[in-house]
Amino acid sequence: MFSKSKINEPGPKATETPAVPASSPVPAPSSSDYKASAPKAKPPASILSADLLVTGNMKTTGDIQIEGQVDGDIRAHLLTIGEGATVKGEVMADDVVIHGRIVGRVRGLKVRLTSTARVEGDIIHKTIAIESGAHFEGSVQRQDDPLTTGGKAKMPTGSTSGSGAPGAEPAKS
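A quick note: this is a predicted structure, and the numbers were derived from the prediction, not measured.

Participant: What should I look at first to understand the overall build of the chain in this one?
Facilitator: Helix and strand counts for the chain stand at four helices and 14 strands. When contacts within the chain are restricted to residue pairs at least 6 apart in sequence, those whose partners lie at least 24 apart make up 6%. Put simply, the chain shows about 11,100 Å² of open surface, and 57% of that area lies on carbon and sulfur atoms.

Structure follows, in structure tokens:
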């Protein structure tokens, strides 16, 4: 600051001129620049501690690390299930890393079961990695977009209903 004010004082001849631009542009643009930079930095993951029991669904665009127990569905960007954690419900995230136990469906672009993972349910993924020692009971299905649940289920139902209704009406007549 002292260096900047010394540089600014000799340049302009009047003292009022540097005071106005120096005080106005410096705080406002600097504050705006810093505020603009702050949202770009990724916030740390939310951590649910080992002694915490959550009953209900959770949804975030950020990251979650579960160390306790969750009875409900979870949606997140990056979801990490800790070694001592238990989740009973559907899990949906871009990246899912499982060290603990999940009872329910897992949907993710990248799903990773570590050697301590215990999964009882179906896994729908784009890419999957299962380490030696992981326990898994269920089916594995690869999809290009495993995070969309409604689109693929509605298409077969809509085409079946559409084909069945016109076929049924002429048959009855």
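So, next bit.
Participant: What am I meant to see in the confidence of the model for the chain here?
Facilitator: In low-pLDDT segments, the atomic positions of the prediction should not be examined closely. Looking at the chain, the pLDDT average stands at 77 and 63% of residues meet or exceed 70. In this model residues 16–24 is a low-confidence stretch, pLDDT under 50, and it forms nine contacts with partners more than four residues away in sequence or in other chains. Contacts of residues 151–173 to residues separated by more than four positions or lying in other chains number two contacts, the stretch itself having pLDDT below 50.

Participant: Help me understand the nonpolar core in this model?
Facilitator: Soluble globular proteins tend to bury their nonpolar side chains together. One finds Ile66 and Ile98 to be the most contacted residues of the largest nonpolar core, which totals 23 residues. Every element with two or more residues in this core is listed here: strand S4 (63–66), strand S6 (74–81), strand S8 (91–98) and strand S10 (106–113). If near-sequence neighbours (up to four positions away) are discounted, Ile98 is found in contact with Ile81, Val106, Arg112, Leu113, Thr114, Ala117 and Val119.

Participant: It is not clear to me how the sheet that holds strand S9 (residues 101–103) should be interpreted in this structure. Could you clarify?
Facilitator: Sheet strands associate in pairs through backbone hydrogen bonding, adopting either a parallel or an antiparallel arrangement. Read across the sheet, six strands follow the order S2-S5-S7-S9-S11-S13 without closing on themselves; strand pairing throughout is parallel. The open sheet terminates on both sides in strands that have one partner only, identified here as strand S2 (53–55) and strand S13 (135–137). Pairs of neighbouring strands in the sheet enclose a mean axial angle of 5°, with direction left out of account. Bridge count between strand S11 (residues 118–120) and S13: three bridges; the pairing is parallel. The partner of Val119 across the bridge, within S13, is Phe136.

Participant: I keep staring at a nonpolar patch on the surface and nothing clicks. Help me out?
Facilitator: Among the surface-exposed residues, Ile128, Ile130 and Val140 lie close enough to one another that they form a single nonpolar patch of about 220 Å² accessible area. The partly exposed category is assigned to Ile128, whose relative accessible area is 31%.

Participant: Explanation requested: the environment of Arg101 in the structure shown.
Facilitator: Along the chain, the position of Arg101 falls in strand S9. Residue classification places Arg101 among the partly exposed positions, given a relative accessible area of 31%. Along the sequence, Arg101 and Val87 sit 14 residues apart, while their C-alpha atoms lie 6.3 Å from each other. Not counting the four nearest positions on each side in its chain, Arg101 is found in contact with Ile81, Ala85, Thr86, Val87, Arg118 and Glu120.

Participant: Help me understand the pattern of salt bridges, please; the structure alone is not making it clear to me.
Facilitator: Oppositely charged side chains may form a pair once their charged atoms are brought near each other. For the coordinates displayed, the defined rule picks out four salt bridges. With its nearest N and O atoms 3.2 Å apart, the salt bridge here joins Glu90 to Arg107. Here Glu90 is found in the loop between strand S7 (86–88) and S8, whereas its partner Arg107 is found in strand S10, with 17 residues between them in sequence. The shortest N-O distance in the salt bridge between Asp144 and Arg142 comes to 2.8 Å. Its relative accessible area of 54% is what places Asp144 among the exposed residues.

What counts and how
Along each chain, residue indices are assigned from 1 in the same order as the chain's sequence is written. The predicted nature of this model means local features are confined to residues of pLDDT at least 70 and side-chain atom pairs, given and counted, to a pLDDT of 80 or more, with totals for whole chains, interfaces and linings taken over all residues. Only hydrogens and water are removed before side-chain values are computed, so all heavy atoms of the structure are retained for them. Under the DSSP-based scheme used, a helix requires at least four consecutive residues in state H or I and a strand at least two consecutive residues in state E, with every element numbered from the N terminus. Contact between two residues is taken to exist if any of their heavy atoms lie within 4.5 Å; hydrogens are not considered. Residue exposure ignores everything except the shown protein chains as possible cover, and the areas themselves are Shrake-Rupley values with a 1.4 Å probe. Note: pLDDT gives the predictor's confidence per residue, expressed from 0 to 100. Each nonpolar core is a collection of buried residues, namely Ala, Val, Leu, Ile, Met, Phe, Trp, Tyr and Cys, held together in the definition by side-chain atoms within 4.5 Å. Remark: exposure states derive from per-residue accessible area (1.4 Å probe, protein chains only) relative to the maximum for the residue type, with buried under 20%, exposed over 50%, and partly exposed in between. At least two bridges found by DSSP between two strands is the condition for calling them paired. Lines are fitted to the C-alpha atoms to define the axes, a helix being fitted only along its stretch in contact, and any angle between axes, read from their N-to-C directions, falls within 0 to 180 degrees. The patches reported here contain residues having more than 30% relative accessible area and no salt bridge. Joining distances are 9 Å for like charges and 5 Å for nonpolar side chains (Val, Leu, Ile, Met, Phe, Trp, Tyr). Take a side-chain nitrogen of Lys or Arg and a carboxyl oxygen of Asp or Glu: if they are within 4 Å of each other, that pair is a salt bridge.

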